[in-house]
Amino acid sequence: MINAADTAFILAAAGLVLLMTPGLALFYAGMVRSENVLGTIMQSLIMISIISIEWVYIGYSLSFGPDIGGVIGDLSWFALRGVTTAPSADYASTIPQLVFMIYQCMFAVITPALITGAFAERVRFAPFALFSLLWAILVYNPVCHWIWGSGGWLGKIGVLDFAGGLVVHATCGVAALVAVMIIGPRRGHGKVNFLPHNLPMTMLGTGLLWFGWFGFNGGSALAADGVAATAFVATHLAGMAGMAMWTVLEWLKLGKPTTLGAASGAISGLATITPAAGFVGPNAAVIIGLIAGLVCYYAVNLKARLQFDDSLDVVGIHGVGGLTGTLLLGVFASRAVNPGGVDGLLAGGGLDQLFYQGLGIVVVCGYTFVMSWLILKGIDRWLGLRVSVEAETQGLDYTEHSETAYN
Amino acid sequence: MKKIEAIIKTFKLDEVKEALTGIDIKGMTVTEVKGYGRQKGHTEVYRGAEYVVDFIPKIKIELIVNDDQVDQVVQLIVKEARTGKIGDGKIFVLPVEQVVRVRTGEVDTEAI
């Protein structure tokens, strides 16, 4: 039975989530050097095309189609066959399945876009585009099915992920780590200063991401109901708490609060609350946001010591944030907040949920690591991921796209 | 004729320009430049990581004056651009062989 309010809400939420991809493009582009701005934007923006095509033909069917052994959807919904304005019995029974399909499409689009921050300023466009397509098919679609698909094995045993702590943030974070290991650091890493060329652009991106995140988390209730309200409020509170924590830490340790620190803290809080947003109350959301700011701050700082050139901190912010939130769900979730959820440790549910969350992390991270490694190694051997030394010095905008951002 | 090149702190430009206009200096060229001297660079912080930026922004003023004006102009720039803190800049005085005004073809002192 289609509900008009639910349908309107999820349609609007889908639009909000779409906006996160160009928002992310700006967020990333402000942090790179001025000769790599368009290359960086393009790596996010083009996902709207590549992944949407993949999604309507096979991705949606692989992720949400009729289950094969808990592992993957079959291809019977190829090219959206049978996906109509009638609601699906398995997903969001009050909105047309087409609405559910396009809403989920936006998640599939932004996930590979998030990875691109790790290898910013140094990969060739064609191999990168191929990687993103294969990664969507071989990593995103299966993991999405395991957790959110009807019959998916991780979901069935009790792993919870409200809006993509595992499906989106853990997968992109782990893939980012693998990419950094295989592709290596930018030329001059450790000697040359890779200063952000336009932080106001990054602040604009932060605003768009935060705005879109209300659709990302709020819409994941798949109805205009109390759970959506819970998720919406938790999202905002975790974002603000993450921002506060990172800013204060930086102020204490380095003497000055910075805009990039405030933005990074906000994104940390937003990423961390994502898996838990619809399961926790406002006070828990604030605590989760504070923890996010703390953990991600130290994760990003650890990078420098490990000599990893995760250029725009995908691992430290999205990966670590997604995993932290996935675990904290097992601590803070409460049936009093969401009767359809679970009771975590603090709500008297014991350690069970925490165990399932940990299991989900091990499985998703392990699988993503191995599969991302194989795809990236294969493409690197076959086509070469890295741009030439000359192109890297000159910048991707001109060498990969024949245009420059500032004339 | 001499060319005076002064590298100064960016926020001192207005004061220097006002003072030079006050002693009837009729023109100057200003460039935003980057560089370092004894001050070395400065540190910027991004996501908790400190970066030493070697070249820091300065303003370069170039003007051509008659020989008898050199001392006055140099003293004025020193007075106005000075903060007493490291990084105040430097002034170079160079000989100039010829000056030509493009519009009229006037040369040297007349063209300044």
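These numbers were taken from a predicted model, which means no experiment stands behind them. (Residues numbered from 1 in each chain as written. Chains lettered and ligands numbered in written order. Predicted model: local features only at pLDDT ≥ 70, side-chain atom pairs only at ≥ 80, totals over all residues. Heavy atoms only, no water.)

A short note on the overall build of chain B
From N to C terminus, chain B includes two helices and six strands. Reading the secondary structure of chain B in the N-to-C direction produces β-α-β-β-β-β-α-β. Relative to the globule expectation of 13 Å for 112 residues, the C-alpha radius of gyration of chain B, 17 Å, shows a markedly less compact shape. Principal-axis analysis of the C-alpha atoms places the extent of chain B at approximately 60 × 25 × 20 Å. Every one of the 112 residues in chain B was classed for burial, and the buried ones make up 32%. Contacts in chain B between residues far apart in sequence, at least 24 positions, make up 71% of those at least 6 positions apart. (Helix = DSSP H or I, 4+ residues; strand = E, 2+ residues; numbered from the N terminus. Rg over C-alpha atoms; globule rule 2.2 N^0.38 Å. Buried < 20%, exposed > 50% of the residue type's maximum accessible area, 1.4 Å probe, protein only. Contact = heavy atoms within 4.5 Å.)

Thoughts on the interface of chain B and chain A
With nine residues of chain B in contact, the opposing surface of chain A contributes 18 residues. Among the residues chain B hides against chain A, the three largest losses belong to Tyr46(B), Arg47(B) and Tyr51(B). Together they make up 67% of the total. One can count one salt bridge joining chain B with chain A. Asp313(A) is the salt-bridge partner of Arg47(B), the closest N and O atoms lying 3.1 Å from each other. Taken together, chain B and chain A are joined by four residue pairs in polar contact (both at pLDDT 80 or more). A total of four residues in the side of chain B that touches chain A trace back to one element, the largest contributor, which is strand β4 (residues 49–53) of chain B. Classifying every residue of the side of chain B that touches chain A gives five nonpolar, one polar and three charged. (Buried area = accessible area lost by both parts, 1.4 Å probe. Salt bridge = Lys/Arg side-chain N within 4 Å of Asp/Glu carboxyl O. Polar contact = N/O pair within 3.5 Å; in protein donor to acceptor, adjacent residues only side chain to side chain. Nonpolar A, V, L, I, M, F, W, Y, C, P; charged D, E, K, R; others polar.)

A word on the sheet that holds strand β2 (residues 29–35) of chain B
Residue and element names in this part refer to chain B. Taken in spatial order, the four strands line up as β2-β5-β1-β6 in an open sheet, and their pairing is antiparallel. A strand with exactly one partner marks an edge of an open sheet, and here the two such strands are β2 and β6 (89–95). Averaged over all adjacent pairs, the angle separating strand axes in this sheet is 20°, with direction ignored. Summarising the sheet, strand β1 (residues 2–8) and strand β5 (residues 56–65) pair through seven bridges and their orientation is antiparallel. Paired with Ile 8 across the two strands is Ile 59, which belongs to β5. (Pairing = 2+ DSSP bridges. Axes fitted to C-alpha atoms, helices over the stretch in contact; angles between N-to-C directions.)

Looking at empty space enclosed by the protein
Residue and element names in this part refer to chain A. Under the criterion given, the structure shown has one cavity of 30 Å³ or more. The calculated volume of the largest cavity comes to roughly 40 Å³. Among the elements of the structure, α1 (4–29), α4 (97–115), α7 (165–183) and α8 (199–218) are those that each provide at least two residues to the lining of the largest cavity. At three residues, the largest contribution of residues to the lining of the largest cavity is made by α8. (1 Å grid on protein atoms, 1.4 Å probe; cavity = no way out; pocket = protein on both sides within 12 Å on 5 of 7 lines; lining within 4 Å. Points joined across faces, edges and corners; volume = space filled by probe spheres on them.)

Some points on the environment of Gly395(A)
Here Gly395(A) shows up in the loop between α14 (389–394) and α15 (396–401). On a C-alpha basis, the gap between Gly395(A) and Gly321(A) in space is 31 Å, while along the polypeptide they are 74 residues apart.

Comments concerning the environment of Glu80(B)
Residues and elements named next belong to chain B. As for its position among the elements, Glu 80 is in helix α2 (residues 70–81). Under the relative-accessibility criterion, Glu 80 is labelled buried at 18%. Spatially, the C-alpha atoms of Glu 80 and Asp 67 are 21 Å apart, while their sequence positions differ by 13 residues. In this structure, Glu 80 is in contact with Lys 12, Glu 15, Val 16 and Ala 19, ignoring residues within four places of it in sequence. Within polar-contact distance, the side chain of Glu 80 engages the side chain of Lys 79 at 3.4 Å.

Describing the pairing of β4(B)
All names here are of chain B. Pairing analysis gives five bridges linking strand β3 (residues 42–46) to β4, with the strands arranged antiparallel. Within the sheet, the bridge partner assigned to His 42 lies in β4 and is Val 53. Adjacent in sequence and paired antiparallel, β3 and β4 are bridged by two residues, among which Arg 47 carries a positive phi angle near 50°.

Quick word on the confidence of the model for chain B
In the predicted model, chain B carries a mean pLDDT of 92, and 100% of its residues have values of at least 70. For this predicted complex, the interface confidence comes out at an ipTM of 0.74, alongside a pTM of 0.91. (pLDDT = per-residue confidence, 0-100.)

Quick notes on the packing of aromatic side chains
Residue and element names in this part refer to chain A. Counted according to the given criterion, the structure contains 27 aromatic pairs over all chains. Between the aromatic rings of Phe 125 and Phe 128, the centroid separation amounts to 5.8 Å while the plane-to-plane angle is 50°, which identifies the pairing as tilted. Of this pair, Phe 125 and Phe 128 are both found in helix α5 (residues 125–148), three residues apart, which corresponds to roughly one turn of the helix. On the basis of relative accessibility, which here comes to 1%, the residue Phe 128 falls in the buried class. For the ring pair Phe 214 and Phe 232, a centre distance of 4.2 Å and an interplane angle of 10° mean the geometry is stacked. Here Phe 232 lies in helix α9 (residues 226–254) and Phe 214 lies in helix α8, a separation of 18 residues in the sequence. Relative accessible area serves as the criterion here: at 14%, Phe 214 is assigned to the buried category. Counting every residue linked through ring pairs, the aromatic cluster contains Trp 55, Tyr 60, Phe 64, Trp 77, Tyr 91, Phe 100 and Tyr 140. (Phe/Tyr/Trp six-rings, centres within 6.5 Å; stacked < 30°, edge-to-face > 60°.)

Details of a nonpolar patch on the surface
Residues and elements named next belong to chain A. Where nonpolar side chains cluster on the molecular surface, the patch consists of Met 181, Leu 302, Leu 306, Phe 308, Val 370, Trp 373 and Leu 374 and spans about 620 Å² of accessible area. Going through the elements one at a time, α11 (282–306) and α13 (352–382) are the ones with two or more residues in the nonpolar patch. Top contributing element to the nonpolar patch by residue count: α13, with three residues. (Patch = residues over 30% accessible without salt bridge, like charges linked within 9 Å, V, L, I, M, F, W, Y side chains within 5 Å. Areas by Shrake-Rupley, 256 points an atom, 1.4 Å probe, with all protein chains shown as cover.)

A few points about the pattern of salt bridges
In total, this model carries 16 salt bridges over all chains according to the counting rule given. For Lys3(B), the salt bridge goes to Glu5(B), with nearest N and O atoms at 3.2 Å. By relative accessible area, which is 15% here, Glu5(B) ends up buried. When salt bridges that share partners are traced, they join Arg33(A), Glu121(A), Arg122(A), Arg186(A) and Asp309(A) into one network.

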